[in-house]
Protein chains: 2
Amino acid sequence: MTAATSIARERPDDAKLRAGQALVALDMERVNRLIIERLDSPIALIPQLAGHLVAAGGKRVRPMLTLLAARLAGYDCERGARHVKLAATVEFIHTATLLHDDVVDDSHLRRGLQTANAIWGNKPSVLVGDFLFARAFQLMVEDGSLEVLAILSNASAVIAEGEVAQLMTANDPETTEDRYLEVITGKTATLFAAAAQVGGVVAERAPAEIEALRTYGESLGIAFQLVDDALDYSAREVVLGKSVGDDFRDGKITLPVVRAYQQGTAEERRFWRRTLEQVEQREGDLAHAIALMERHGALNETFTRAAGYGERARAAIEGFAPSAAKSAMLDLVDFCIERAH
Amino acid sequence: MTAATSIARERPDDAKLRAGQALVALDMERVNRLIIERLDSPIALIPQLAGHLVAAGGKRVRPMLTLLAARLAGYDCERGARHVKLAATVEFIHTATLLHDDVVDDSHLRRGLQTANAIWGNKPSVLVGDFLFARAFQLMVEDGSLEVLAILSNASAVIAEGEVAQLMTANDPETTEDRYLEVITGKTATLFAAAAQVGGVVAERAPAEIEALRTYGESLGIAFQLVDDALDYSAREVVLGKSVGDDFRDGKITLPVVRAYQQGTAEERRFWRRTLEQVEQREGDLAHAIALMERHGALNETFTRAAGYGERARAAIEGFAPSAAKSAMLDLVDFCIERAH
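Residues numbered from 1 in each chain as written. Chains lettered and ligands numbered in written order. Predicted model: local features only at pLDDT ≥ 70, side-chain atom pairs only at ≥ 80, totals over all residues. Heavy atoms only, no water.

**Q** Account for the interface of chain B and chain A, with residues named and values stated.
**A** If you look at the interface, chain B gives 36 residues, while chain A gives 36 residues. The interface formed by chain B and chain A contains 0 salt bridges. Inspection of the chain B/chain A interface yields 8 residue pairs in polar contact (both at pLDDT 80 or more). Ranked by residue count, the leading element in the side of chain B that touches chain A is helix 9 (residues 146-169) of chain B, at 14 residues. The residue makeup of the side of chain B that touches chain A, split by class, is 23 nonpolar, 7 polar and 6 charged. (Contact = heavy atoms within 4.5 Å. Salt bridge = Lys/Arg side-chain N within 4 Å of Asp/Glu carboxyl O. Polar contact = N/O pair within 3.5 Å; in protein donor to acceptor, adjacent residues only side chain to side chain. Helix = DSSP H or I, 4+ residues; strand = E, 2+ residues; numbered from the N terminus. Nonpolar A, V, L, I, M, F, W, Y, C, P; charged D, E, K, R; others polar.)

And the structure:
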């Protein structure tokens, strides 16, 4: 990918998100109300700290997945409330993992705002994360479905495994592509998969259809993460709410690095080992890293892979009859892949 | 309490634990096997890190509560396996909170061994804690009782609230006794209560009997924590696996401090504020703190309070017919109160 195509990718594409957002706007308001209601605690710091992160918002892609999947699967979203409760559950689990991630990564900026650990310190971030995780399970118990509880407790275990696996591949440029895919499947795609899957469960669809929703969510999640990792070497700061090069500075091993390293000369490999393994970085290193990635087409390849997973996501829900929800879910795939803005 | 009675309290009393341990020895072996089985993960660091803590062992008081309560309540412990699964669940939740506690408190020693965070760092400790918490819910889902899931998800939320509350009272010697009791009820007694309660649930006892087991566990937990907090100013190091004065050095506010502060002169209060609020400590401060506690009978009062909760625990299970399990549970009360060795 040349610098020109890199810039061409950097166009806003929120339009692709808008149809879905409009379709579930009322549901999402119910989700937001429920989240605020269930953040409540006599311990004032809990709603304060968790509220900071929840209010910062982001695009609520995960709960949107639950709401859209439930609608696609024919759940009565006007009279029913299960999809709302489970979308809030998914957001609680996601928020808990973000709180812990930011502690683990020692991050100070997320979505353009200071992280909770930067404001309140690591200690309450760890504990409020635990609280949110427990709250998520309380919501599921209220919902009363053991199938949902199984899906989301399994997902939670796999997410934690993915995070530990990521820790262990950190700073190792010899990480293989398979290993990298395992890590992002665990830490990101698993919750996307579960979020979509439970939408099918509340609609009481057949196992094969619930499995199709799971595949859709998982493929979308992998595509989402691949694009995220590529954007860390190409996006403008204002979009990500984090600086370009964050992953580089942290010595994080992502697909663009894996690809550039694999195809690199001995000298280039020495560069990657110095900057990412020993995390000995000098001025100009980030620019050189990006140049090496461009030379080996590593960013382009990452975007191409993402597009492939997007295709898999689209194919997974092919069997569902056309509907506004289905269109929105197809648009969501475009959004995840094209949000290179 | 004089120094002499303080030393008199310091006699081993593990005998009080032995009847219970013998009674559930086979069950506990099954619990240990299940724990090891379910710690397994393709991510090697997970069983390694969690295994370190689980192997360090401690007295397994919480899973023992589940096993004894199930037996007391008439569950078929030979043919059934639910009590074993739920005892392992309780231990997983406990271990998860220990991992996170040690990160939050920056502890380096637990049960006489280096803490996981001291060996592997904070990052994997946070994430493996999350993994264990998720595993606990997976075990409950396998058990299949929504009642158990409700008890332990509620307990998990209250524990996290208690931990955050403790963080907020940290270093504040103006903390009231009520506030202190709220904190230890949340962070310690709630899991004791839930552990005993689920024993009654698997035996399908009437709600009033399950509630009695909950009260037993809660009272025992409060007594246990009160004694723990008093021992931090009086026990010999080898017993606790931590140094006398750990709480003091951390500026932790426990009942002995609250009592000594409340009854202290203006000059004494300045001492407490310097040492615990500003955590400005000099040689001889710990000895002076202990002397002030003795002067105001603060340690004695704490042990007396513990005995009162012990009485409440005994009374709670009065209605159950005599049995070996009941005797062991009464002995367990003695153990928690008299383990001032």
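Now that the structure is up, let's keep going.
**Q** Kindly report on the pattern of salt bridges, identifying the contributing residues and their values.
**A** For the structure on display, the rule yields 47 salt bridges over all chains. Salt-bridge contacts for B:R249 lead to B:D246; the nearest nitrogen and oxygen are separated by 3.5 Å. One end of the pair, B:R249, and the other, B:D246, are both in helix 13 (residues 246-250), 3 residues apart, so they sit about a helical turn from each other. Ionic contacts of the salt-bridge type, sharing partners, join the residues A:K16, A:E311, A:R314 and A:D334 into one network.

**Q** Got a sec to walk through unusual backbone geometry? Specific residues and values, please.
**A** The backbone of A:V279 shows a phi angle near 45°, a positive value even though the residue is not glycine. One can find A:V279 in the loop between helix 15 (266-277) and helix 16 (285-295). The class for A:V279 is partly exposed, based on a relative accessible area of 37%. Here B:R60, not a glycine, exhibits a phi torsion of approximately 55°, which is positive. Within the secondary structure, B:R60 sits in the loop between helix 4 (45-56) and helix 5 (61-72). Residue B:R60 is classed as buried on the basis of its relative accessible area, which comes to 13%. (Buried < 20%, exposed > 50% of the residue type's maximum accessible area, 1.4 Å probe, protein only.)

**Q** Outline the environment of A:R60, supporting the account with residue identities and numerical values.
**A** Each C-alpha atom, one on A:R60 and one on A:D178, is 28 Å from the other, the two residues being 118 residues apart in sequence. In contact with A:R60, other than residues within four places in its own chain, are A:M28, A:N32, A:V54 and A:E91.

**Q** Describe the packing of aromatic side chains, naming the residues involved and giving the relevant values.
**A** Taken as a whole and judged by the stated rule, the model has 10 aromatic pairs over all chains. Aromatic pair A:F271 and A:W272: ring centres 5.3 Å apart, planes at 70°, arrangement edge-to-face. Just as A:F271 is buried, A:W272 falls in that class too. Among the aromatic residues, those joined into a ring-pair cluster are A:F133, A:F137, B:F133 and B:F137. A cation over a ring is seen here: A:R269 above A:Y261, with NZ or CZ 4.6 Å from the ring centre. (Phe/Tyr/Trp six-rings, centres within 6.5 Å; stacked < 30°, edge-to-face > 60°. Lys NZ or Arg CZ within 6 Å of the ring centre and 35° of its normal.)

**Q** How would you explain the packing of helix 3 (residues 25-38) of chain B against helix 5 of chain B if you had to name every residue and give the values?
**A** Residue and element names in this part refer to chain B. It is the contact of helix 3 with helix 5, at a shortest axis distance of 10 Å, that shows an interaxial angle of 130°. With respect to helix 5, the axis of helix 3 lies oblique. Between helix 3 and helix 5 the crossing geometry is right-handed. Residues D27, M28 and V31 of helix 3 lie in contact with helix 5, whose contacting residues are P63, M64, L67 and R71. Its residues placed into classes, the contact of helix 3 with helix 5 shows 5 nonpolar, no polar and 2 charged. (Axes fitted to C-alpha atoms, helices over the stretch in contact; angles between N-to-C directions. Parallel < 35°, antiparallel > 145°, perpendicular 65-115°, else oblique. Left-handed = near helix turned anticlockwise from the far one by under 90°.)

**Q** Account for the relation of the copies chain B and chain A, with residues named and values stated.
**A** Once turned by 180° and shifted 0.0 Å along the axis, chain B lies on chain A with an RMSD of 0.0 Å. The superposition operator between the copies reduces to a two-fold rotation axis. By residue overlap, the copies meet face to face through one surface: 100% of the interface positions of chain B are interface positions in chain A. (Least-squares fit on C-alpha atoms with pLDDT ≥ 70 in both.)

**Q** Could you give an account of the nonpolar core, with specific residues and numbers?
**A** Of all hydrophobic cores here, the largest spans 234 residues; its most connected members are A:Y216, A:W272, B:Y216 and B:W272. Beyond its immediate sequence surroundings of up to four residues, A:W272 is in contact with A:F248, A:V257, A:A260, A:Y261, A:E277, A:A289, A:L292 and A:M293. (Core = buried A, V, L, I, M, F, W, Y, C linked by side-chain atoms within 4.5 Å.)

**Q** Can you explain helix 17 (residues 298-316) of chain A? Please cite residues and give values.
**A** All names here are of chain A. Taking 1.5 Å per residue as the helical rise, helix 17 with its 19 residues ought to reach 27 Å, and the 27 Å between its terminal C-alpha atoms agrees with that figure. Among the residues making up helix 17, those that are buried are A298, L299, T302, F303, A306, Y309, G310, A313 and A316. Along the axis of helix 17, the buried residues cluster in a sector spanning 135°; they form a single face. (Expected span 1.5 Å × (residues − 1). Arc of directions from axis to C-beta.)

**Q** Explain the confidence of the model for chain A to me, using residue names and the numbers behind them.
**A** Residue and element names in this part refer to chain A. Overall, the predicted model of chain A reaches an average pLDDT of 89, with 92% of residues at or above 70. Every residue in residues 1-12 is under pLDDT 50, and counting partners more than four places away or in other chains gives 25 contacts. Both confidence scores are given for the complex: pTM 0.91, ipTM 0.90. (pLDDT = per-residue confidence, 0-100.)

**Q** Quick one: what's the story with helix 11 (residues 207-231) of chain B, residue by residue and with numbers?
**A** In this model, helix 11 of chain B (25 residues) spans 36 Å end to end at C-alpha, consistent with the 36 Å of a helix rising 1.5 Å per residue. Counting buried residues in helix 11 of chain B gives 20 out of 25 residues, a clear majority hidden from the surface.

**Q** Report on the packing of helix 8 (residues 122-143) of chain A against helix 8 (residues 122-143) of chain B, specifying residues and quantitative values.
**A** Where helix 8 of chain A contacts helix 8 of chain B, the axes come no closer than 12 Å and their chain directions differ by 15°. Classified by the angle their axes make, helix 8 of chain A and helix 8 of chain B are roughly parallel. Two packed elements cross with a definite hand, and for helix 8 of chain A against helix 8 of chain B that hand is right-handed. In this structure, helix 8 of chain A uses A:V126, A:D130, A:F133, A:A134 and A:F137 to contact helix 8 of chain B, whose residues at the interface are B:V126, B:D130, B:F133, B:A134 and B:F137. Split into classes, the residues belonging to the contact of helix 8 of chain A with helix 8 of chain B amount to 8 nonpolar, no polar and 2 charged.

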